[in-house]
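# Overview (structure and organization)
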Amino acid sequence: MASSCGTSSGSSTLIQNSGSEEDLQALMNERKRKRMISNRESARRSRMRKQKHLDDLSAQVTQLQKENHQIITMINITTQRYLNVEADNSVLRAQANELSHRLQSLNESISFLNGSNGANFDAEEDTISFAFTQPADSFLNPLNLAYWNLPIMASADNMFQY
């Protein structure tokens, strides 16, 4: 009887072991299933974060391209303005150079006239004082150019008034 008792206790232990193994296996399967679900959810969140980051980068690229286009437009406008100002400066330099030459020529003419007819030119005050010693000769003297080189004053504003 003892042997049957041992056999039956052995088989009940075996039954208990197989029951606990089945429970353990079911518990492991449940953990495995939960881990798979958790991993899938984590992967889904990771894909969503990655997609959001990609969308943010795309929006940033679009914004930067827009800003780049605006900057290029502003550079082109500024360059055009610079070229216009440079052209205006070139014209003004040429005009200043021409006026300087004209002034020098006029000063030379005045200096020549001062030597030939007694007129005094004061360069500081830009005034001419005439002190003719022989007024009648100054009109008849062919070398006297004071009356031939007077500038003709005209203005385009007043030229075509009716």
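Higher on the page you've got the structure.
Here's a quick rundown of the structure. On a predicted model such as this, the values are computed, not experimentally measured, just so you know.

Our focus in this paragraph is the overall build of the protein chain. When its secondary structure is counted, the protein chain shows three helices and two strands. Walking the protein chain from its N terminus toward its C terminus, one meets helices and strands in the order α-β-β-α-α. For the protein chain, the proportion of its 162 residues judged to be buried stands at 4%. Intrachain contacts of the protein chain at a sequence separation of at least 6 include 23% that bridge at least 24 residues. For the protein chain, the accessible surface area stands at approximately 14600 Å², while carbon and sulfur atoms represent 58% of it.

Within the structure shown, the criterion is met by four salt bridges. Glu 30 is the salt-bridge partner of Arg 33, the closest N and O atoms lying 2.6 Å from each other. A residue pair is termed a helical-turn pair when its members lie 3 or 4 positions apart in one helix, as Arg 33 and Glu 30 do in helix H1 (residues 2-117) at three residues. A salt bridge links Arg 45 to Glu 41, with the nearest nitrogen and oxygen atoms 4.0 Å apart. On the criterion of helical spacing, the pair formed by Arg 45 and Glu 41 is a turn pair, its members being four residues apart in helix H1. Judged by relative accessible area, which is 39%, Arg 45 ranks as partly exposed. Each of the salt bridges in this network shares a partner with another, and the network as a whole consists of Glu 41, Arg 44 and Arg 45.

About the criteria used
Note on numbering: residues in each chain are counted from 1, in written sequence order. With the structure being a predicted model, the display of local features is reserved for residues of pLDDT at least 70 and the display and counting of side-chain atom pairs for 80 or more, all residues being used for whole-chain, interface and lining totals. By convention in this description, side-chain values take in all heavy atoms of the structure and omit both hydrogens and water. What counts as a helix is a DSSP run of H or I of at least four residues, what counts as a strand is a run of E of at least two, and both are numbered from the N terminus. When accessible area is computed with a 1.4 Å probe and restricted to protein chains, residues below 20% of their type maximum are described as buried, those above 50% as exposed, and intermediate ones as partly exposed. Throughout, a contact is declared for two residues whenever any of their heavy atoms are within 4.5 Å. Each accessible area is a Shrake-Rupley result for a 1.4 Å probe, and residues are judged covered by the shown protein chains and nothing else. The term salt bridge refers to a pairing of a side-chain nitrogen on Lys or Arg with a carboxyl oxygen on Asp or Glu at a separation within 4 Å.

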